[in-house]
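# Coordinate analysis (summary)
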Amino acid sequence: MSSSRGAWASRIGLVLAMAGNAVGLGNFLRFPGLCTKYGGAFLIPYFIALLLLGIPLMWVEWSIGRYGGQFGHSTAPGVFDKLWRNRFSKYLGALGVALPLLITIYYCYIESWCLAYTWYSVTRPFAPQEGDTQKILYSPVSPQFVTEVAAWKSSRALALPITRTEWEQKGQNLKSANPRRFEKLNPPAIFSNLDTNRDDSLTTDELTLQSSNNSNLMRDLISQDRESQLTKEPITQAEWLAATEDILQHNPEMARLLKLPSDAAFTAIDLNKNSALDPPERLAIEKPLANARTQLFLDEYLGSRSYEDPAIEATYFRTLWPAVFFWIVTVAINCLVLGTDINAGIERLAKIAMPALIIFAIILAVRVLTFQSPSTAEHGYTVWDGMNFIWEPRFDQLANPEMWLAAAGQIFFTLSVGTGSILCYASYLKRNDDCALTGLATASTNEFCEVVLGGSIAIPMAVAVFGLFGAQAIASGGSFNIGFVAMPLIFEQMPLGRLFGPIWFALLFFAGITSSVALASPMMAFLQDEFGISRKSAAGILFGILIGFGIPVVVFPGSAYLDQLDFWAGTLGLFIFALIELIIFGWIFGGKEMWAEMTRGAQIPMPRFVYYLVRYVAPIYMFVILGLWILQEWQTLTSVESFLPEQRGYIWMARASVVTVIGLVALLVGLAWAIKNSSPPPERRE
Ligand code: PHE
Ligand code: NA
């Protein structure tokens, strides 16, 4: 063991750094997004996953991290190599360096938006303009349902015969709605192709065949149509019912895929307060275009809208440079913190950022719960309806496997387990330091910041201002929309909002940076421990990696690239790595040895059932969830069919980058061990 290994300077510093690791954007953005999506049913699988998976895994990562630290290893390759004497175990450990690195790559970008928004919420107003209006769809069940029925419409169009007139009509619609896209798809050529066929004499079957040969074009034409359906045409409840009825009858398979609600779900509609619907049976109504300005701001900031398109006049940003600037600054700050000794960098950062963010969050939560929204008179919802929406258990909606997966995934992400990042921090503990109590304290702090603080800010506020359905509609536009689209606008309209806006975004930035340094730590430690590179040089290398691999995340339009990284590394990857940890620690290292590690130095008695949780319950629970997940979602996850053609290239590039990073780290692992086996171990320099 090298004597120059970093160490935590104080217990409080360690606790704050661990809490800083866990408390992040997951608490204040991801969690509210999921709650809005699933409503009152979500917290049930969420707490079950916390107890069965989250807390046991927290203890496991603390224990194996502290164990590895004794041998001078802070990352999974070295630790696995000690836990499981086998030539291959260190390569499994490569995941514990590659996954957090991949997450850091996109996490830093989102973190940089928080920095930018802190700045802009001080310097630029987002006031909405007179007369902007927007259709908001009030779906009986949820906004997803709107999309589902619309998707059904398009799938039916693909499956059912279509006439030439319909084809042409769709082409016309597309041409007027989106001429550039029309040009790209070049439907006229295909239409004339159709013309050369015996069009009039074609049986409907032949025509269907004809159109299915062009199914890509078809889908595009239809999805264009579907957008216009969603935004322009009001739909009545009767129409909804008819559509559902129709699909259940004609295409039960499709009904299953779309997860169409049963009758029960429709009865649930009546229980919702849709008195705000106007006229009552119309499910789509016109509303002031409340979030248009802030949505535009976000779109332009991220370059989601083409700056070159002459038809679109940029209002806030004409280039991507501001986003690039804030991103580079954010990455640089991270690397500066990481380049400093652990107690002077990460620990000091946590000592400042954690108390600040908790105070900010409490201020905001108190402000929210005492907020009387002027819009309540209009739609009837208060902040308390937002609270009820999250907290009122909906036992009737539990039979949704996807939600159980999402809940377990959120527990992993929010507690930072399954990445190797907690493991890395814990490796700086001493052999007999407590893991049990401090690990539990970390998890509790995170849960306080998530369900109490994270749950009391964005959702209740958005519900009070936009109504329940309005808030859901905004959330369905993207996982960050509640935070970056709804919140700035709310602050704009509330007394002292100019003060609360920056507080909200600074809170997000603080939460983000204490997590991104934790995410980057395994790569840092890997370079230092296994190659003997100095801390400063490692931080420099890290800067290069984060910028190099981050460029596509920043410059490619749309969120497809980022979403892919978030899925493969940030969701599926965590599951797989956590499962590997459980098996290596609980089974290969051995049950008795594991228990001895977990209980050594414990300042609270570790109940015996935790042993069974770690060895049996957690892995089985995870296998079941993973299995269901793969069965249910694999097709949609792996196919690129559901993406716009111009996005497909990005999807493959993102997947390739995941494979590349994992492969490169595995290569480095092999190299490090080859060097070590041929020479004495490198002296770790600080
Ligand atoms: N837990 C962090 C959050 O909630 C994210 C994170 C995941 C950090 C994994 C480190 C490791 O945002
Ligand atoms: Na968290």
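Please refer to the structure higher up on the page.
Figured I'd write up the structure that's included with this text. It should be emphasised that the depicted structure is a prediction, and the values quoted were computed from it without experimental measurement. (Residues numbered from 1 in each chain as written. Chains lettered and ligands numbered in written order. Predicted model: local features only at pLDDT ≥ 70, side-chain atom pairs only at ≥ 80, totals over all residues. Heavy atoms only, no water.)

## Notes on the overall build of the protein
Stated formally: Think of it this way: any DSSP run of H or I at least four residues long counts as a helix, any run of E at least two long counts as a strand, and we number them from the N terminus. Whether two residues are in contact is decided by their heavy atoms: any pair within 4.5 Å suffices.
Counting its secondary structure elements, the protein contains 30 helices and two strands. Sequence-distant contacts in the protein: of pairs separated by 6 or more residues, those separated by 24 or more amount to 84%.

## Considering the nonpolar core
Within soluble globular proteins, side chains that are nonpolar tend to cluster in buried spots. Here is the rule: The term nonpolar core refers to a set of buried residues drawn from Ala, Val, Leu, Ile, Met, Phe, Trp, Tyr and Cys, joined through side-chain atoms within 4.5 Å. Partly exposed residues are those whose accessible area sits between 20% and 50% of the maximum for their type, while under 20% is buried and over 50% is exposed, using a 1.4 Å probe and protein chains only.
Core analysis: the biggest nonpolar cluster contains 196 residues, and Phe28, Phe484 and Trp504 have the highest contact counts within it. For this core, the leading source of residues is helix H6 (residues 95-123), giving 19 residues. Residues contacting Phe484, with those up to four places away along its chain left out, are Leu29, Trp113, Cys114, Tyr117, Thr294, Leu298, Phe505 and Leu508.

## Topic: the packing of helix H17 (residues 321-339) against helix H25 (residues 497-531)
What counts here: Angular values range over 0 to 180 degrees, each being the angle between N-to-C directions of two axes fitted as lines to C-alpha atoms, with helices fitted over their stretch in contact. Any angle that falls under 35 degrees is termed roughly parallel, while one over 145 is termed roughly antiparallel, one within 65 to 115 roughly perpendicular, and all others oblique. The crossing is said to be left-handed when, going from far helix to near helix, the turn is anticlockwise and less than a right angle, and right-handed when the turn is clockwise. Under the grouping applied here, Gly and all other residues not named as nonpolar or charged are polar, the nonpolar ones being Ala, Val, Leu, Ile, Met, Phe, Trp, Tyr, Cys and Pro and the charged ones Asp, Glu, Lys and Arg.
Running from N to C, H17 and H25 point in directions that differ by 60°, and their axes come no closer than 10 Å. With respect to their mutual orientation, H17 and H25 come out oblique. By crossing handedness, the relation of H17 to H25 is classed as right-handed. Each of Thr330, Ile333, Asn334, Val337 and Leu338 in H17 lies in contact with H25, whose residues at this interface are Phe509, Ile513, Ser516, Val517, Ala520, Ser521 and Met524. In terms of residue class, the contact of H17 with H25 is built from eight nonpolar, four polar and no charged.

## Points about the coordination of the sodium ion (ligand 2)
For the record, the criterion: Note on donors: an N, O or S atom is included if it sits within 2.8 Å of the metal, or within 3.2 Å for Na, K and Ca, and water is never included, so sites can look incomplete. Irregular is the label for any site that misses the other tests, which are tetrahedral for four donors with all angles between 85 and 135 degrees, and square planar for four donors or octahedral for six when opposite donors exceed 155 degrees and the remaining angles lie between 65 and 115.
Protein coordination of the sodium ion (ligand 2) is provided by Ala22 (O), Asn27 (OD1), Thr414 (O), Thr414 (OG1) and Asn446 (OD1), with donor distances spanning 2.1 to 2.6 Å. In this structure, the sodium ion (ligand 2) is surrounded by six donor atoms whose angles at the metal cover 78 to 168°, and the resulting shape is octahedral. Here the donor residues of the sodium ion (ligand 2) share one chain and are spaced in sequence as A-x4-N-x386-T-x31-N. Residue Ala22 is located in helix H1 (residues 11-22), and its partner Thr414 is located in helix H21 (residues 401-415); the two are separated by 392 residues in the primary sequence.

## With respect to the site of ligand 1
So the rule is basically this: Any residue with at least one heavy atom within 4 Å of a molecule or strand is counted as near it. Any pair of N or O atoms that falls within 3.5 Å is considered a polar contact. Within protein, one atom must be able to donate a hydrogen and the other to accept it, and sequence-neighbouring residues count only if both atoms are side-chain atoms. Per-residue and other accessible areas follow the Shrake-Rupley method at a 1.4 Å probe size, with only the shown protein chains counted as cover for residues.
The immediate surroundings of ligand 1 are formed by 14 residues, with Ala22, Gly26, Tyr107, Phe413 and Ser416 found nearest. The backbone of Leu25 places a nitrogen or oxygen atom 3.1 Å from an oxygen atom of ligand 1. A distance of 2.9 Å separates a nitrogen atom of ligand 1 from a polar atom in the side chain of Ser416. Protein contacts shield 100% of the accessible area of ligand 1, which totals 320 Å² for the unbound molecule. For the shell around ligand 1, the elements supplying multiple residues, two or more each, are H1, helix H2 (25-38), H21 and H25.

## What to know about unusual backbone geometry
Of note, the phi angle at Ser416 is positive, near 65°, even though the residue is not glycine. Secondary-structure assignment places Ser416 in the loop between H21 and helix H22 (421-426). Even without a glycine there, the phi angle at Leu496 is positive, about 65°. Inspection of the secondary structure puts Leu496 in the loop between helix H24 (481-493) and H25. Residue Leu496 is classed as exposed on the basis of its relative accessible area of 61%.

## Structural notes on the packing of aromatic side chains
What counts, and what does not: Stacked, tilted and edge-to-face are the three classes applied to pairs of Phe, Tyr and Trp rings, where Trp contributes its six-membered ring and a pair requires centres within 6.5 Å; stacked means planes under 30 degrees apart, edge-to-face means over 60, and tilted covers the rest.
Applying the stated criterion across every chain, the model contains 38 aromatic pairs. Note on Trp587 and Tyr616: the rings are 5.4 Å apart at their centroids and 90° apart in plane angle, and the pair reads as edge-to-face. Of this pair, Trp587 sits in helix H27 (residues 560-588) while Tyr616 sits in helix H29 (residues 609-638); the two residues are 29 residues apart in sequence, bridging distant segments of the chain. Residue Trp587 is classed as partly exposed on the basis of its relative accessible area, which comes to 40%.

## Some words on the pattern of salt bridges
This is how the line gets drawn: In the sections that follow, a salt bridge refers to a side-chain nitrogen of Lys or Arg positioned within 4 Å of a carboxyl oxygen of Asp or Glu.
Tallying each qualifying case throughout the model produces four salt bridges. A salt bridge links Asp434 to Arg11; the nearest nitrogen and oxygen atoms lie 3.6 Å apart. With a gap of 423 residues between them, Asp434 in the loop between H22 and helix H23 (436-476) and Arg11 in helix H1 connect regions that are remote in the sequence. A relative accessible area of 6% means that Asp434 is categorised as buried. Judged by its relative accessible area of 42%, Arg11 is partly exposed. In this structure, Arg600 and Glu597 form a salt bridge, with 2.6 Å as the shortest nitrogen-oxygen distance.

## Focus on the environment of Phe526
By the element assignment, Phe526 lies in helix H25. Counting along the chain gives 124 residues from Phe526 to Tyr650, while the straight-line C-alpha distance between them is 29 Å. Apart from residues lying up to four places away in sequence, Phe526 is in contact with Thr75, Pro77, Val97, Phe531, Val665, Leu668 and Val669.

## Quick notes on the packing of helix H18 (residues 346-369) against H25
Taken N-terminus to C-terminus, the directions of H18 and H25 make an angle of 145°; their axes are 9 Å apart at the nearest point. Where H18 crosses over H25, the two elements pack in a sense that is left-handed. Between H18, through Ile346, Leu349, Ala350, Ala353, Met354, Ala356, Leu357, Phe360, Ala361, Ile363, Leu364 and Arg367, and H25, the contact on the second element is made entirely by Phe500, Ile503, Trp504, Ala506, Leu507, Phe510, Ala511, Ile513, Thr514, Val517 and Ser521. Taken together, the residues that form the contact of H18 with H25 break down as 20 nonpolar, two polar and one charged.

## Brief notes about H6
The line we're drawing: To estimate the expected span of a helix, count its residues, drop one, and scale the result by 1.5 Å. For a residue, the bend is simply the angle between two axes, fitted respectively to the seven-residue segment ending there and the seven-residue segment starting there.
With 29 residues, H6 extends 42 Å between its outermost C-alpha atoms, agreeing within 8% with the 42 Å of an ideal straight helix rising 1.5 Å per residue. The sharpest bend along H6 measures roughly 30° and falls at Ile105. The element H6 is largely enclosed, with a buried count of 26 among its 29 residues.

Honestly, that's just the spatial picture; any functional story needs more than this.
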